[in-house]
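Structural features, examined
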Amino acid sequence: TPSPGRSSLTSTAAPATRPHEVSGWVQAHADAAYAFALSLTGNPEAAADVCQEAFLKALRQIHSLHDGGCFRPWLYKIALNLVRRRRRLRKTTAPSPPPAHLDGTEAVEALKRRERADLVHEEVGKLPQPLRVVTALVLMNGVTQKEAAAILGRSEATVSRDLATARQVLRA
């Protein structure tokens with residue numbers, strides 16, 4: 001069984017010939033890919049579209065992932081390129097109401113957490129795109145700076161500098 005960060009579909013064989021692997025592969029990465037796309041677009045529907053498109057493109061191009069290649073950063077790079085191509089950047093959305101099954105105190109706390117998360121997304125959305133993308137990858141999606149550098153085609157030093165600059169801007 002492959003680990004969540006690694007792809008077992010690195011051979012040149014068509015992924016469609018191994019549906020059980022494709023299913024596990026999608027399940028292992030769907031939430032992270034969606035969260036990344038959402039952090040870039042700010043729109044749940046656009047994020048779902050980008051996520052779906054990214055998986056389809058990845059399946060078609062799985063042969064280009066070298067043996068032992070790390071799938072998640074590669075998927076993020078595909079999603080990032082799709083977002084860039086679509087030019088759908090973060091826009092503010094109204095928070096949805098808390099789930100009805102929560103009692104009054106839990107509902108208030110859930111709403112506060114959601115409002116804080118929305119505020120963070122809104123502030124990150126105001127960053128210039130290079131800083132926004134680095135922040136989304138590293139701080140919001142747990143990608144290492146080394147992986148972010150590979151995804152973005154930048155040096156680790158540039159990613160580190162951009163991340164430090166983004167943190168300074170967000171603190172101001």
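Cut-offs and rules
Residues numbered from 1 in each chain as written. Predicted model: local features only at pLDDT ≥ 70, side-chain atom pairs only at ≥ 80, totals over all residues. Heavy atoms only, no water. Helix = DSSP H or I, 4+ residues; strand = E, 2+ residues; numbered from the N terminus. Buried < 20%, exposed > 50% of the residue type's maximum accessible area, 1.4 Å probe, protein only. Contact = heavy atoms within 4.5 Å. Areas by Shrake-Rupley, 256 points an atom, 1.4 Å probe, with all protein chains shown as cover. Polar contact = N/O pair within 3.5 Å; in protein donor to acceptor, adjacent residues only side chain to side chain. pLDDT = per-residue confidence, 0-100. Axes fitted to C-alpha atoms, helices over the stretch in contact; angles between N-to-C directions. Parallel < 35°, antiparallel > 145°, perpendicular 65-115°, else oblique. Nonpolar A, V, L, I, M, F, W, Y, C, P; charged D, E, K, R; others polar. Core = buried A, V, L, I, M, F, W, Y, C linked by side-chain atoms within 4.5 Å.

A tally of regular secondary structure across the protein chain gives seven helices and zero strands. In the protein chain, the succession of helices and strands from N to C terminus is α-α-α-α-α-α-α. In the protein chain, which comprises 172 residues, the share counted as buried stands at 35%. Considering only contacts within the protein chain whose residues lie at least 6 apart along the sequence, 63% involve residues at least 24 apart. Of the roughly 9800 Å² of accessible surface on the protein chain, a fraction of 55% belongs to carbon and sulfur atoms.

A few words on the side chain of Asp162. Tracing the chain through its elements places Asp162 in helix α7 (residues 156–171). One polar contact links Asp162 to Arg154, side chain to side chain, over a distance of 3.2 Å. Residue contacts for Asp162: discarding those within four places in its chain leaves Leu131, Val134 and Arg154.

Attention now goes to the environment of Ala28. Along the chain, Ala28 turns up in helix α1 (residues 19–41). On the basis of relative accessible area, Ala28 is assigned to the partly exposed category, the value being 32%. Distance in space between the C-alpha atoms of Ala28 and Arg72 is 9.3 Å, their sequence separation being 44 residues.

Attention shifts here to the confidence of the model for the protein chain. Mean pLDDT over the protein chain: 74, with 72% of residues reaching 70 or higher. Here helix α4 (residues 104–125) is the element of the protein chain with the lowest mean pLDDT, 70, and α7 is the one with the highest, 91. Ignoring residues within four places in sequence, the model shows residues 88–95, a span with pLDDT below 50, making 23 contacts including any to other chains.

For the rest of this paragraph, the subject is the side chain of Ser39. Within the element layout of this structure, Ser39 appears in helix α1. A polar contact is formed between the side chain of Ser39 and the backbone oxygen of Phe36, at a distance of 2.7 Å.

Our focus in this paragraph is the packing of helix α6 (residues 145–152) against α7. Their axes nearest at 8 Å, the elements α6 and α7 cross at an angle of 110 degrees. In terms of orientation, α6 and α7 fall into the roughly perpendicular class. Seen from α6, the contacting residues are Gln145, Lys146, Ala148 and Ala149; seen from α7, they are Glu156, Val159, Ser160 and Leu163. When grouped by side-chain class, the residues that make up the contact of α6 with α7 number four nonpolar, two polar and two charged.

This paragraph deals with the nonpolar core. Nonpolar side chains in soluble globular proteins tend to end up buried together. One finds Phe36, Phe71 and Leu137 to be the most contacted residues of the largest nonpolar core, which totals 36 residues. Counting residues per element, the ones that place at least two in this core are α1, α2 (44–60), α3 (71–86), α5 (129–140), α6 and α7.

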